[in-house]
Amino acid sequence: MLLARRGLRVLVVDPLKRGSDTLSTHALMRGAVLQLHRWGLLAAIRSAGTPAIRKTTFHYGEEAVEVPIKARDGVDALYAPRRTVLDPVLVDAAVEAGAEVKHGVSVVDVLRDGDGRVRGAKIAGSDRSVIDVAADLVIGADGVRSRVARLVDAPLDYSVTHAATSIYGYWRGLPHDGTHWYYGVGASVGYIPTNDGETCVFTLISKDRFESDRLEGLEALHRNALEDVSSELAGGVEAGEQSSQLRAFAGMPGFLRRCVGPGWALVGDAGYFRDPITAHGITDALCEAELLARAVTRGGDDALTEYHTGRSERVRELLDVTDRIASMEWDMDEVKELHLKLSREMKAEVDVLRTLDRELMAEGL
Ligand SMILES: Cc1cc2nc3c(=O)[nH]c(=O)nc-3n(C[C@H](O)[C@H](O)[C@H](O)COP(=O)(O)OP(=O)(O)OC[C@H]3O[C@@H](n4cnc5c(N)ncnc54)[C@H](O)[C@@H]3O)c2cc1C
């Protein structure tokens, strides 16, 4: 969308159908909501019935810390749209901007010239027909198991060690009173109001606990984690009506890959993955998308290298803090301290996005 809006000729391919769901909860932090607002897409998210989140509450044992969402930069609430809502809004905006979007089509290989520079991609349809597409730049926005990253041999720059297991599902009849994040010994749980009157109820436990207790089944693991952290929340969830099956992500340690090279770039989880425990991946992907689009339109390999360096410096602390929270080895004092660090990182991220507006005005865009 951003590249097409800047006048570039863009082809987007995705093996999945338009509006498919993905294995992810969907709380958007301020940076993501700001991006949707700046791109003129927040109204579509609201008009899909996505409830406004006006406060977020952190529960540390018996202590509850309420954080109201301040109105700033055109953002007066947070949102947690289902990916079946958010993703089509982005795809439609890309099409409207002039990008060609093909669903049911995957990148299966990259094309290289005699110097090894990537010059395009081989794409395959569901009927297995394969065609070559020439391109000045191939961008892998293809998620944590990125095929593009593998095809270009993107080097691993940095990795962390912890991975929490996430289990989540949807309920009706729970209060839509903002997001709630609860922390207890060895687990973090909570709920996020979303579309169609549903609430996403999630639990995160250590991967070791998941491995040792997995035979109990997801329902028992989820219920036990809720009960361990907050019997009050567990009771509220029990009284609600479960409207979906539970889904689980076993967990994977975070990493930073080199995200540019000759003729290629990576954006989102393809280049930088952090544990879902800080609910920051969509926000990161939407911020990086704009920084990459700006580098691409500035042109040249140096601009891409700056995108890579900037991305790596900007996200490193957030990745480390997320890893520490994902360890589940903290006590209440430490997790509070980690949240303060996280909050500082998120403020810095929003400041970067504000700078972009000033730069765009200076460029007359
Ligand atoms: C359990 C869980 C909970 C999470 N909760 C949150 C949360 O609350 N808030 C938050 O911000 N983040 C959350 N995240 C993280 C978030 O889901 C990701 O960071 C985000 O989806 C990254 O976006 P992306 O576009 O990089 O990748 P994805 O959303 O994974 O999209 C990748 C796309 O690439 C396509 N693709 C794959 N292979 C190919 C190919 N060969 N060719 C072409 N296309 C291809 C896929 O079909 C898909 O459409 C969570 C993650 C998990 C696992």
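Criteria and thresholds
- Residues numbered from 1 in each chain as written.
- Predicted model: local features only at pLDDT ≥ 70, side-chain atom pairs only at ≥ 80, totals over all residues.
- Heavy atoms only, no water.
- Near = heavy atom within 4 Å.
- Polar contact = N/O pair within 3.5 Å; in protein donor to acceptor, adjacent residues only side chain to side chain.
- Areas by Shrake-Rupley, 256 points an atom, 1.4 Å probe, with all protein chains shown as cover.
- Helix = DSSP H or I, 4+ residues; strand = E, 2+ residues; numbered from the N terminus.
- Nonpolar A, V, L, I, M, F, W, Y, C, P; charged D, E, K, R; others polar.
- Contact = heavy atoms within 4.5 Å.
- Pairing = 2+ DSSP bridges.
- Axes fitted to C-alpha atoms, helices over the stretch in contact; angles between N-to-C directions.
- Parallel < 35°, antiparallel > 145°, perpendicular 65-115°, else oblique.
- Left-handed = near helix turned anticlockwise from the far one by under 90°.
- Core = buried A, V, L, I, M, F, W, Y, C linked by side-chain atoms within 4.5 Å.
- Buried < 20%, exposed > 50% of the residue type's maximum accessible area, 1.4 Å probe, protein only.

A.B. asks: Just checking my understanding: could you explain the site of the ligand for this structure?
C.D. replies: Lining the immediate environment of the ligand, one finds 27 residues, of which Asp14, Ser24, Thr25, Arg83 and Asp269 sit closest. With respect to the ligand, the backbone of Val13 contributes an N or O atom lying 3.5 Å from a nitrogen atom. Note that an oxygen atom of the ligand is positioned 2.6 Å from one of the side-chain N or O atoms of Ser24. Against a free-state accessible area of 1000 Å², the protein chains account for coverage of 84% of the ligand. Going through the elements one at a time, strand 1 (11-14), strand 5 (105-112) and helix 9 (281-298) are the ones with two or more residues in the shell around the ligand. For the shell around the ligand, the element with the most residues is helix 9, which contributes three residues. Residues belonging to the shell around the ligand are distributed by class as follows: 11 nonpolar, 10 polar and six charged.

A.B. asks: I keep staring at the side chain of Thr57 and nothing clicks. Help me out?
C.D. replies: Mapped onto the elements of the fold, Thr57 is located in strand 2 (residues 55-60). Residues within four places of Thr57 in sequence aside, it is in contact with Ala64, Val65, Glu66, Thr179, His180 and Trp181.

A.B. asks: Teacher, can you tell me more about the sheet that holds strand 6 (residues 118-125) here?
C.D. replies: With respect to topology, three strands assemble into an open sheet ordered 5-6-7, the strand pairing being antiparallel. Unpaired on one side and paired on the other, strand 5 and strand 7 (130-134) mark the two borders of the sheet. The mean angle between the axes of side-by-side strands here comes to 30°, regardless of whether they run parallel or antiparallel. The pairing of strand 5 with strand 6 spans seven bridges and is antiparallel. What sits directly across from Val110, in strand 6, is Ala121.

A.B. asks: Looking at this structure, I do not really get the environment of Arg247. What am I missing?
C.D. replies: Checked against the element boundaries, Arg247 lands in strand 15 (residues 247-249). Sequence separation between Arg247 and Leu23 is 224 residues; the distance between their C-alpha atoms is 7.4 Å. If near-sequence neighbours (up to four positions away) are discounted, Arg247 is found in contact with Asp21, Thr22, Leu23, Ser166, Ile167, Tyr168 and Leu218. Of note is the side chain of Arg247, whose polar atom sits 3.4 Å from the backbone oxygen of Thr22.

A.B. asks: Before we go on, may I ask you to explain the packing of helix 9 against helix 10 (residues 301-326) in this structure?
C.D. replies: Two quantities define a packed helix pair, namely the angle between the axes and the distance from one axis to the other. The contact between helix 9 and helix 10 brings their axes to 8 Å, and the two run at 160°. The orientation of helix 9 relative to helix 10 falls into the category roughly antiparallel. As helix 9 runs across helix 10, the sense of the crossing is right-handed. Contact residues: helix 9 offers Asp284, Glu288, Leu291, Leu292, Ala295, Val296 and Arg298, while helix 10 offers Ala303, Leu304, Glu306, Tyr307, Arg311, Arg314, Val315 and Leu318.

A.B. asks: Explain the nonpolar core here, please?
C.D. replies: Core analysis: the largest hydrophobic core is formed by 87 residues, its most contacted members being Leu36, Trp181, Leu266 and Tyr307. Among the elements that make up this core, the one with the highest residue count is helix 10 (nine residues). In this view, Leu36 contacts Leu28, Leu41, Leu42, Ile45, Leu86, Leu90 and Leu286; residues no more than four positions away in its chain are not counted. By size, the runner-up hydrophobic cluster in this structure holds 18 residues, among which are Leu174, Val189, Leu221 and Val237.

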